[in-house]
Amino acid sequence: MIRIPARLTCLTALLALIAFTARAATSDGPPTADPAALYQRSCAACHDHPTQRIPARAAIARHSPDEVMQILTGGSMRVQAAGLSMNDRVAVATYITGKAPVGHLAPTPESNRCPAPHAPATQSGPGWNGWGADLANTRFQGDPGLSAADVPHLKLKWAFGYRATYVYGQPTLVGGRVYVTSSSGRVYSLDARTGCTYWTFDAEGPVRTAVSVAPVGGVLRVVFGDDSSFVYLLDANRGRLLWKRRLDPHPSARITGAPAVHADRVFVPVSSLEELSAPTPTYECCRFRGSVAALDMRTGRVLWRTYTVSQPARPYRKNAQGTQLYGPAGGSVWSAPTLDPEHDLLYVGTGNSYTDVPTEHTDSILALHMSSGAVAWVNQLRPKDNYIVGCDTPASAGQGNCPHTLGPDVDFGTSPILRTLAGGERVLLTGEKSGRVYGLDPQTGHERWQAQVGVGSSLGGIEWGGAADAERLYAPVSDAAAAQGHPGGLIALNLVDGRQLWRAAPRQAVCSWGPHNCLAAQSQAATAIPGVVFSGSEDGHLRAYASGDGHVVWDVDTAQAYTTVNGVPAAGGSLDNGGATLAGGMLFVNSGYGRIVGEPGNVLLAFSVDGR
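Residues numbered from 1 in each chain as written. Predicted model: local features only at pLDDT ≥ 70, side-chain atom pairs only at ≥ 80, totals over all residues. Heavy atoms only, no water.

**Describing the overall build of the protein**
At step 1: Secondary structure summary: the protein contains seven helices and 37 strands in total.
At step 2: Counting only residues that meet the buried cut, the protein has 63% of its 612 residues in that class.
At step 3: Put simply, of all contacts in the protein between residues at least 6 apart along the chain, 60% involve residues at least 24 apart.
At step 4: Counting only carbon and sulfur atoms, one obtains 53% of the accessible surface of the protein, whose full area is about 20,800 Å². (Helix = DSSP H or I, 4+ residues; strand = E, 2+ residues; numbered from the N terminus. Buried < 20%, exposed > 50% of the residue type's maximum accessible area, 1.4 Å probe, protein only. Contact = heavy atoms within 4.5 Å. Areas by Shrake-Rupley, 256 points an atom, 1.4 Å probe, with all protein chains shown as cover.)

Have a look at this one:
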């Protein structure tokens, strides 16, 4: 799904080269390579001369050394770092960040522990559970605890600092508690009114999914996934681990979409970053297949698993270096499943293919039976979207591991939205990174309408998705990497026919960190309440638009430094991925994505009317 230019793989090349030289090292021996010399040889040309899509060395240095260690061990660079001894990893992390890792995060819990005794975790009261606030993933909060007239009066109530250097999750609010995840792998349970910490839990890898909360046998549980493809079930009262299950042994597999829960079953999407490993000439590209799995929530047992690419990869050609290549592969499921229990259906969107071997379910919307995982229907809206990192130009076609037929990498990263129209008919809404929005028949998958709302690019078009009330779909436009047009903007479409009702033009990007990497792209998922829709921007601004005509009624720049309730130094940055969540008269949003474009940060912000 995520396209990164060839030059962005300089750090990948560095780590791979270090790994090569470290094969004979032991975990307690000295580093076997000079990271400074390797950086100059392999990466300085890129990261010392950054572009919009290439992070500067200074940006990499803002990661904490422990976070770099986690990325090398269980995160996005674990494949490239295979073969590194522990001392080699420490040397790399120290060189990049200028600080030595301490080997662990701060002790659990945080310093601002909630005073005991405290009431047990419950599901009572208003909330926002999981990715879309409901099983249909509408991202519409019908009972936010505040009115449209209150929105201009929202002010910061408290801020919480993550022990990380960027954030990409989304807050969950259930029973007066906020459950949040972080790129360091730490998961938190906080008090919604004060931000005090009930408990923390450290996962194996970075966690970007939203948390889903549900009872099992009358006892409340917390479920989420991490970047090592583990699913976790915790006790909601204390954060105690009850079980964890790795869903895919592929070294690049990860869980990015929030698990969805119904009737003691957990439905989990599986994605990967094999696209990042694939360009290495000696890498046997590619074998990963996206999937959706249903787990017994009590035990973690896998009840069924459906692969988006039905056939396992087989040898199909060799590259110029003689490396055996495999296919078909791809079809990552990046987003949370949408559930329709009444019709025993589950809906997901899928990502691009990695190879030339034909696939039927990549860049598609799939409907699966919730009971069995059997495919009910599939609509492949873009065939032959074959892509791996570095295969960005026609000249790269067929070179190295690049497919001969190259696609634009404009897959579906959004969760489909299920809505019932005024006449009783239903529509399934989804957006593509091409900037195209579709309305489908949820029973057959047949197209009812489509609308082009952006130019489209490998970073969206529609990146993480819109929100829908009973009449309109609100589609934020990214176009972050588009060669033409201007990034940003918000479009309202009629649910019945896709007709454009209004368009809020892109705002002028104003970034507190200066003009470098300052974009107006609205990649973050939108959030709606009666009369208002919220949309975040890469420049750090969270804006509220009137749902009737799109005029801005509230605008806050989240990219600031904050005094936090837990004493962790924190600042906001770009808004991306998970959107704002609202319940009980409060709004919660993470600020500081900065993973590919924009500015990193490490803060959770809680707003209320007049900060009360």
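Following the structure, the description resumes.
**Details of the packing of aromatic side chains**
At step 1: Under the defined criterion, the tally for this structure stands at 17 aromatic pairs.
At step 2: Ring plane angle 45 degrees and centroid distance 6.2 Å describe the contact between Phe230 and Tyr232, whose orientation is recorded as tilted. No difference in accessibility class separates Phe230 from Tyr232, as the two residues are buried.
At step 3: Between Phe412 and Tyr438, the aromatic rings sit 6.2 Å apart at their centres with planes inclined by 55 degrees, giving tilted as the arrangement. With Phe412 in the loop between strand S20 (375-380) and strand S21 (417-420) and Tyr438 in strand S23 (residues 436-440), this residue pair connects regions lying 26 residues apart in the sequence. Here Phe412 and Tyr438 have matching classes, each one buried.
At step 4: Through a chain of ring-to-ring contacts, three or more aromatic side chains come together here, namely Phe201, Phe224, Phe230 and Tyr232.
At step 5: The ring of Tyr198 carries the charged tip of Arg177 above its face, separated from the ring centre by 3.7 Å.
At step 6: Sitting above the plane of the Tyr326 ring, Arg287 keeps its charged end 3.8 Å from the centroid. (Phe/Tyr/Trp six-rings, centres within 6.5 Å; stacked < 30°, edge-to-face > 60°. Lys NZ or Arg CZ within 6 Å of the ring centre and 35° of its normal.)

**Regarding the state of the cysteines**
At step 1: The full count for this structure, using the stated rule, is four disulfides.
At step 2: Each sulfur in the disulfide pair Cys114 and Cys196 lies 2.0 Å from the other. Disulfide Cys114-Cys196: the torsion about the S-S bond is 95 degrees, which places it as right-handed. In this pair, Cys114 sits in the loop between helix H6 (86-97) and strand S1 (154-161) while Cys196 sits in the loop between strand S4 (186-191) and strand S5 (197-202), placing the two residues 82 residues apart along the sequence. Take Cys114 and Cys196: they sit in the same class, and that class is buried.
At step 3: Sulfur-sulfur distance for the disulfide between Cys285 and Cys286 comes to 2.0 Å. Every disulfide takes its handedness from the sign of the S-S torsion; for Cys285 and Cys286 that torsion is -90 degrees, giving left-handed.
At step 4: Taking the relative accessible area as the measure of exposure, Cys285 reaches 2% and is therefore buried. (Disulfide = S-S within 2.5 Å.)

**A few points about the sheet that holds strand S25 (residues 467-468)**
At step 1: Across the sheet, four strands lie side by side as S25-S26-S27-S28; this open sheet has antiparallel pairing. In the strand order of this sheet, the two ends are held by S25 and strand S28 (500-504), each with one partner. (Pairing = 2+ DSSP bridges.)

**Some details on the sheet that holds strand S30 (residues 532-536)**
At step 1: Within the open sheet, the four strands sit side by side as S29-S30-S31-S32. Their pairing is antiparallel. Whereas interior strands pair on both sides, the edge strands pair on one side only; in this sheet they are strand S29 (527-529) and strand S32 (552-557). Each strand axis lies, on average, 15 degrees off the axis of its neighbour in the sheet, ignoring direction.
At step 2: With five bridges joining them, strand S31 (residues 541-546) and S32 adopt antiparallel strand pairing. Bridge pairing in S32 links His541 to Asp557. (Axes fitted to C-alpha atoms, helices over the stretch in contact; angles between N-to-C directions.)

**A word on the confidence of the model for the protein**
At step 1: With 85% of its residues at a pLDDT of at least 70, the protein reaches an overall mean of 89.
At step 2: Across residues 2-29 the pLDDT falls below 50, and counting only partners more than four positions away or on other chains, this stretch makes 86 contacts in the model. (pLDDT = per-residue confidence, 0-100.)

**What about unusual backbone geometry?**
At step 1: With an omega dihedral of 5 degrees, the bond running from Gly327 to Pro328 counts as a cis peptide bond.
At step 2: Backbone torsion omega between Gly460 and Gly461 reads 20 degrees, so that peptide bond is classified as cis.
At step 3: Relative to the elements of secondary structure, Gly461 occurs in the loop between strand S24 (447-452) and S25.
At step 4: Positive phi values are uncommon outside glycine, yet Asn137 reaches one of about 55 degrees.
At step 5: Under the relative-accessibility criterion, Asn137 is labelled buried at 4%.
At step 6: Here the phi dihedral of Asp479 falls at roughly 50 degrees; this positive angle occurs in a residue that is not glycine.
At step 7: With respect to the helices and strands, the residue Asp479 is situated in the loop between strand S26 (472-476) and strand S27 (490-494).

**Quick look at the pattern of salt bridges**
At step 1: Inspection of every chain in the model, using the stated rule, returns 19 salt bridges.
At step 2: The shortest N-O distance in the salt bridge between Arg238 and Asp235 comes to 3.5 Å.
At step 3: With a relative accessible area of 56%, Arg238 lands in the exposed category.
At step 4: Judged by its relative accessible area of 4%, Asp235 falls in the buried class.
At step 5: A salt bridge links Lys433 to Asp411; its shortest N-O distance comes to 3.1 Å. One end of the pair, Lys433, is in the loop between strand S22 (426-431) and S23; the other, Asp411, is in the loop between S20 and S21, with 22 residues separating them in the sequence.
At step 6: Among the charged side chains, a salt-bridge network with shared partners connects Glu110, Arg163, Arg186 and Asp202. (Salt bridge = Lys/Arg side-chain N within 4 Å of Asp/Glu carboxyl O.)

**Some details on the environment of Gly327**
At step 1: Positionally, Gly327 belongs in strand S16 (residues 324-327).
At step 2: Classification of Gly327 by relative accessible area gives buried; the value is 4%.

**Notes on the environment of Arg419**
At step 1: Along the chain, the position of Arg419 falls in strand S21.
At step 2: Taking C-alpha positions, Arg419 is 9.2 Å from Asn137, a pair spaced 282 residues apart along the chain.
At step 3: Excluding residues within four positions of it along the chain, Arg419 makes contact with Thr138, Phe140, Glu425, Arg426, Val427, Ala468, Asp469, Ala470 and Leu495.
At step 4: Within the local environment of Arg419, its side chain forms a polar contact with the backbone oxygen of Ala468, the two atoms lying 3.0 Å apart.
At step 5: Polar contacts involving the side chain of Arg419 include one to the main-chain carbonyl oxygen of Asp469, which spans 3.2 Å. (Polar contact = N/O pair within 3.5 Å; in protein donor to acceptor, adjacent residues only side chain to side chain.)

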